[in-house]
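What the coordinates show
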Amino acid sequence: MSNRMWGGRFASGPAEIMEEINASIDFDKRLAPQDLRGSLAHAAMLGATGILPRDDVKAIEGGLEAIRAEIETGEFKFQRALEDIHMNVEQRLHDLIGSTAGRLHTARSRNDQVATDMRLWSRDAVDRLDVQLAELQTALADRALVFAACVMPGFTHLQSAQPVTFGHHLLAYVEMLARDRGRFADARLRLNECPLGAAALAGTSFPIDRFMTATALGFDRPTANSLDSVSDRDFLIEILAAASICAMHLSRFAEEIVLWMTPQFGFVRLSDKFTTGSSIMPQKRNPDAAELVRGKAGRIFGALQALLVVMKGLPLTYSKDMQEDKEGVFDAVHSLSLCLAATAGMVRDLEPDVQAMKRWAGAGYSTATDLADWLVRALHLPFREAHHVTGRLVAMAAGRKVGLEKLSLEDMRSVEPRIGEEVFGVLGVERSVRSRTSYGGTAPANVRKQARRWLARLRKEGKAPAPPRVGDRGTQEGPNQRDADREVSLP
């Protein structure tokens, strides 16, 4: 018996192991909605151009709609022997309307068909991820507004560096996510061209209207080169690259949550919603949600590397290797979606320990830079000289195991005789953060302004609800400074 898909060229069916390695229906069945959309657009175009009779087109359209209903209700029976989503749909269409079903494949190939399906799926996936990214930005900006004046240590090399605010720290991730959204938007812009009509690789001799199908499917235009149309997977690589960078950002935040929840830090708490216990240690509260976000970054990175390796040695145009694009992309997008949802949940659930953060904000002589800056402003010392004076005062305080603010005026004057009483006005952590009023700095006034600006922008996009009225939790700052008040446009 001849192979029912390949017709007369093959005298028998595939070996069992060939069927096993060749079949993709187990994972590409999720392309069913996109495959049906593409087929409906293709059928309409074949009718409009006179390539198929209207009666045939109506029968095909009716059969495809019936298949859509079966898939949506779970009645459709996917068959591994039919390899992929395209042949499963075509065979079911034949069952429903007879030999007319075979006319649907006029002027197209599975090569341009799957390329179109994947672009449609990718576009939908990017749109869903963008909504989730905006929701996470909103959660972060909301919390930043609440904790605009909550002082915490800022780190370099994971060593105490300078005091910052918790709100400022959260807004750093809002900025990262904005870049992530920009990368996904760029990828979406480039992928929004329609390969349908490129056929196997060389185009077709039928008088098709590729602009009609492109418009019907919401693409900006048809792809311009038939060879590139069926062999291009750059759009998937771009999405995986954007997903990998985003996952890296989420992993960094997750790592901070893991650290902050340790007794050694004690900066934040998560509720039972996002933590688990231990099977043997009853006292444990483990930040498993954050750890899983951190861990899933690896599989997203792996999907990018795997697809790059698949594509790197392929000559034009289509090769069966390219079937390996789907599982990694599907898994990576699903994993990133889970991570975004989990991170947004954790952000809303986080309860900072304001007093612990403030206590540790002054550790490690974190206001030393404020002292050096004061020496420059008040005594007109060159910064390098001020740096040296401050270093000697830090050494003195460290030798006595006290903070800089605990040194007496006489102690300070023993290093720099011109130091006056007003120096003590710059040594507190709250004074330190209030002073950082340069645009983008950690001053609470800046943080409130940036948080409100982000929330307004997200609401304007229609991707954030109006925020509730909330009061700051932390120390109030003084009047806004000039840089903090200046209106600027966000990128």
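Notes on the structure in this doc start here. None of the values given here were measured: they were computed from a predicted structure.

1. Some remarks on helix 4 (residues 54-73)
Helix length check: helix 4 (20 residues) gives 29 Å between terminal C-alpha atoms against 28 Å at 1.5 Å per residue, within 8%. Residues Asp-56, Val-57, Ile-60, Gly-63, Leu-64, Ile-67 and Glu-70 constitute the buried set of helix 4. Summarising the axial view, the buried residues of helix 4 lie within an arc of 145°, below the 170-degree limit, and thus occupy one face. Away from its buried face by more than 90 degrees, helix 4 exposes Asp-55, Lys-58, Glu-72 and Thr-73. As for helix 4, its buried residues are in contact with helix 3 (32-48) and helix 5 (85-97).

2. A word on the nonpolar core
Counting 99 residues, the largest nonpolar core has Leu-140, Phe-166, Phe-184, Leu-250, Phe-253 and Leu-336 as the members making the most contacts within it. By residue number, the principal contributor to this core is helix 10 (residues 234-260), which donates 15 residues. Judged by nonpolar contacts, the second largest core, of 22 residues, contains Leu-371, Leu-393, Met-396 and Ala-397.

3. A closer look at the packing of helix 7 (residues 166-191) against helix 18 (residues 444-460)
Relative orientation of the contacting elements helix 7 and helix 18 amounts to 35°, with a least axis distance of 10 Å. Crossing geometry of helix 7 relative to helix 18 is assigned as left-handed. Between helix 7 and helix 18, the contacting residues are Gly-167, His-168, Leu-171, Val-174, Glu-175, Ala-178 and Arg-181 on the first element and Val-447, Gln-450, Ala-451, Trp-454 and Leu-458 on the second. When the residues that make up the contact of helix 7 with helix 18 are grouped by side-chain class, the tally is seven nonpolar, three polar and two charged.

4. What about the packing of helix 3 against helix 5?
The geometry of helix 3 relative to helix 5 is characterised by a closest axis approach of 10 Å and an angle of 60° between their N-to-C directions. Classified by the angle their axes make, helix 3 and helix 5 are oblique. Where helix 3 crosses over helix 5, the handedness of that crossing is right-handed. Here Ala-32, Asp-35 and Leu-36 of helix 3 lie close against helix 5, whose contacting residues are Ile-85, His-86 and Val-89.

Parameters and conventions
- Within any chain, residue numbers begin from 1 and follow the written order of that chain's sequence.
- Residues qualify for local features only when their pLDDT is at least 70, as the model is predicted, and side-chain atom pairs are given and counted only at 80 or more; totals for whole chains, interfaces and linings, by contrast, use all residues.
- Derived side-chain values reflect all non-hydrogen atoms in the structure, with water molecules and hydrogen atoms excluded from consideration.
- Under the DSSP-based scheme used, a helix requires at least four consecutive residues in state H or I and a strand at least two consecutive residues in state E, with every element numbered from the N terminus.
- A helix is expected to span 1.5 Å multiplied by its residue count minus one.
- Any residue under 20% of the maximum accessible area for its type is buried, any over 50% is exposed, and the rest in between are partly exposed; the area is computed with a 1.4 Å probe on protein chains only.
- To be clear, the arc concerns the directions from the helix axis to the C-beta atoms.
- Note on definitions: a residue-residue contact is assigned when non-hydrogen atoms from the two residues lie within 4.5 Å.
- Among buried residues, those of type Ala, Val, Leu, Ile, Met, Phe, Trp, Tyr and Cys that are joined through side-chain atoms within 4.5 Å constitute a nonpolar core.
- Every angle, taken between N-to-C directions, lies between 0 and 180 degrees, and every axis is a line fitted to C-alpha atoms, over only the stretch in contact when it is a helix.
- Should the near helix be turned anticlockwise from the far one by less than a right angle, the crossing is left-handed, and should it be turned clockwise, the crossing is right-handed.
- The nonpolar class holds Ala, Val, Leu, Ile, Met, Phe, Trp, Tyr, Cys and Pro. Asp, Glu, Lys and Arg form the charged class, and all remaining residues, Gly among them, are polar.
- To sort the angles, those under 35 degrees are grouped as roughly parallel, those over 145 as roughly antiparallel, those from 65 to 115 as roughly perpendicular, and the leftovers as oblique.

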